[in-house]
Each structure stands twice: as structure tokens, then as C-alpha cells.
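Overview (structure and organization)
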Amino acid sequence: LLRPGLMRLKILDAGCGTGGLTRKLFECGKVVGLDISMLALSLVKNKNAAYINGSVNKLPFGGGSFNAVASVSVLYHQRVDDVMAVNEMNRVLKKGGLAIVVLPAFSWLFSNHDRAVHTKKRYTLREAEKLMDRSGFNIVDSRYLFSFVFPIFVAKRILEKCGLINDSVSDLQELPKWLNCLLTYLCRIEWIVTKYIKLPFGSSLVIVALKK
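Read on for a plain summary of the structure. (Residues numbered from 1 in each chain as written. Predicted model: local features only at pLDDT ≥ 70, side-chain atom pairs only at ≥ 80, totals over all residues. Heavy atoms only, no water.)

1. Description of unusual backbone geometry
In this model, serine 73 sits at a positive phi of 55 degrees, which is unusual for a non-glycine residue. With a relative accessible area of 38%, serine 73 lands in the partly exposed category. For phenylalanine 106, which is not a glycine, the phi torsion comes out positive at approximately 70 degrees. As for its placement among the helices and strands, phenylalanine 106 is situated in the loop between β5 (93-104) and α4 (112-116). (Buried < 20%, exposed > 50% of the residue type's maximum accessible area, 1.4 Å probe, protein only. Helix = DSSP H or I, 4+ residues; strand = E, 2+ residues; numbered from the N terminus.)

2. Quick look at the side chain of asparagine 57
Structurally, asparagine 57 is set in the loop between β3 (50-53) and β4 (66-72). Overall, asparagine 57 belongs to the buried group, its relative accessible area being 16%. Of note is the side chain of asparagine 57, whose polar atom sits 2.9 Å from the backbone nitrogen of aspartate 81. Those residues in contact with asparagine 57, other than ones at most four positions away along the chain, are Arg79, Val80, Asp81, Met84, Ala85 and Glu88. (Polar contact = N/O pair within 3.5 Å; in protein donor to acceptor, adjacent residues only side chain to side chain. Contact = heavy atoms within 4.5 Å.)

3. A look at the pairing of β5
For a regular strand, the rule is simple: side chains alternate between the two faces of the sheet. Across the 12 residues of β5, 9 count as buried, placing the element largely inside the fold. Sheet topology note: the β4/β5 ladder contains 6 bridges and is parallel. Across the sheet, serine 71 pairs through a bridge with valine 101, a residue of β5. Note that the unit made of β4, helix α3 (residues 82-92) and β5 has a crossover that is right-handed. As paired strands, β5 and strand β7 (residues 204-211) are joined by 7 bridges and run antiparallel to one another. Considered in β7, the bridge of leucine 103 is made with leucine 205. (Pairing = 2+ DSSP bridges. Right-handed = clockwise from strand over helix to strand, strands pointing away.)

4. Looking at the nonpolar core
Counting 38 residues, the largest nonpolar core has Leu12 and Leu205 as the members making the most contacts within it. Not counting residues up to four positions away in its chain, the partners in contact with leucine 205 are Val101, Val102, Leu103, Ala105, Tyr123, Thr124, Leu125, Ala128, Arg143, Tyr144 and Leu145. Cys28, Ala49, Ile100 and Val206 belong to the second-largest nonpolar core, a separate cluster that totals 14 residues. (Core = buried A, V, L, I, M, F, W, Y, C linked by side-chain atoms within 4.5 Å.)

5. Description of the sheet that holds β4
If you trace the 7 strands from one edge of the open sheet to the other, you get β3-β2-β1-β4-β5-β7-β6, paired in mixed fashion. A single partner strand is all that each edge strand has here, and the edge strands are β3 and β6 (137-145). For this sheet, the mean angle separating the axes of adjacent strands, direction not counted, is 15 degrees. (Axes fitted to C-alpha atoms, helices over the stretch in contact; angles between N-to-C directions.)

6. Here's the deal with the packing of aromatic side chains
Taken as a whole and assessed by the stated rule, the structure comprises 7 aromatic pairs. Seen from their ring centres, phenylalanine 150 and phenylalanine 153 are 6.4 Å apart, and the 15 degrees between their planes marks the pair as stacked. Of the two residues, phenylalanine 150 and phenylalanine 153 both sit in helix α6 (residues 150-161), 3 residues apart, roughly one turn of that helix. When the ring of phenylalanine 150 is compared with that of phenylalanine 201, the centres are 5.5 Å apart and the planes differ by 20 degrees; the resulting orientation is stacked. Taken together, the residues phenylalanine 150 in helix α6 and phenylalanine 201 in the loop between α7 (177-193) and β7 connect sequence positions 51 residues apart. When its relative accessible area of 8% is taken as the criterion, phenylalanine 150 is described as buried. Given the relative accessible area of 30%, phenylalanine 201 is considered partly exposed. Taken together, the ring pairs in this structure connect Phe106, Trp108, Tyr144, Phe150, Phe153 and Phe201 into an aromatic cluster. (Phe/Tyr/Trp six-rings, centres within 6.5 Å; stacked < 30°, edge-to-face > 60°.)

Taken by themselves, the reported measurements are silent on function.
In C-alpha cells, the structure reads:
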């Protein structure tokens, strides 16, 4: 939906961290990255976008400031009020503006990884859809993510809970280049397949919605 060179949009990366996604969004328009962590913002390498310290619970922008808002793996956090944050996303979007939200899926998958990254909640697709709908969004796409590797993900969680593998640290780590390329390829195939077949499982989910 956000294609490089298609148009010059005003885009907010709400919860940008160290700016990885913000750098990619810069190809689609004028981007502002916002994060509550000054440490994360201090590690930003690409300064093409504007970066602001602030909370998604109370965005420091006027109403109708952006054409699009992306919030990837943010609303689940213990310091975030998801209802308040989605209401704020709606407020700062122009009418017809685009919201893209990615969240972790299924509460029964909660693990020490979630404790390490301060997860407050994991969501079902229906819960995430209701969250967006109640804040005045019209959902145009919703699906689970990483469905193709979901059985491996579940098996790992089961082994961790049985104490058969170490679950004392977060899953966040740098992968070998070959494995990262393979997973990227699988995700691209999955995205094409799930345009036609909505799979009922995945370790994460995405909601794409428009402001009414």
C-alpha cells in the first residue's frame, strides 16, 4: 500500500525504535519517527527522517497531520494503553488516512521472551480488529503473519515450557545471513498466498485500516 515513488506522503512511524522501519518508509514520503526511548533514538544511524521523543499514548502532533501511520510491535507493550494509542493514531491521521498495525498473536504463546520485551498482551485477530474498529477505522485487510513457520514457533515454545531448551533470554538475536534470506523469501510467498487464503494462525498479525 505504501510504494516507493508512488506519492509523497506524510508518514508517522509510531514507536520507531532505532529507525529500521523509518528508513524504509522514507522512500515513500516525508517521515517522522517517534519513540519514548531516548536510548533508542540515540542509536538511529540514518538522519534523513525527523525523530521525536514522545509517547504513542499522547502523540505530540495536531489533528490530521499525517497521511499514514505505522505502528509495528508497539501497542502490546506494558507502557502503552492500546485503546488510547489507537485513538491518537486516528486523531493525527487525515480523513481516509492509512494505519498499519503489527501485533504479537495468541496469549497462550506468552513466554519469557514476552517478559524480556515487556509484553502486556498478545492478541487474536478478532481482538485487534475490534480495537481498530472501535477507534473509528475501516479495516481493509487483516491477517496472521509468519504462518508458514508457525509450527516451528509453537514447537519451540512447548520445548521451552517443558524445560528442554533454554528460555531465559529473548528471541531477539541476529540470524545468519542465509537463514534471514530464507525466512524473508518464505514471508514473501506467504504474503501472496494469504491474499487468497486467510490462515487462522501465525505468531504475529497485521491490521491495515483507513480512517473513516
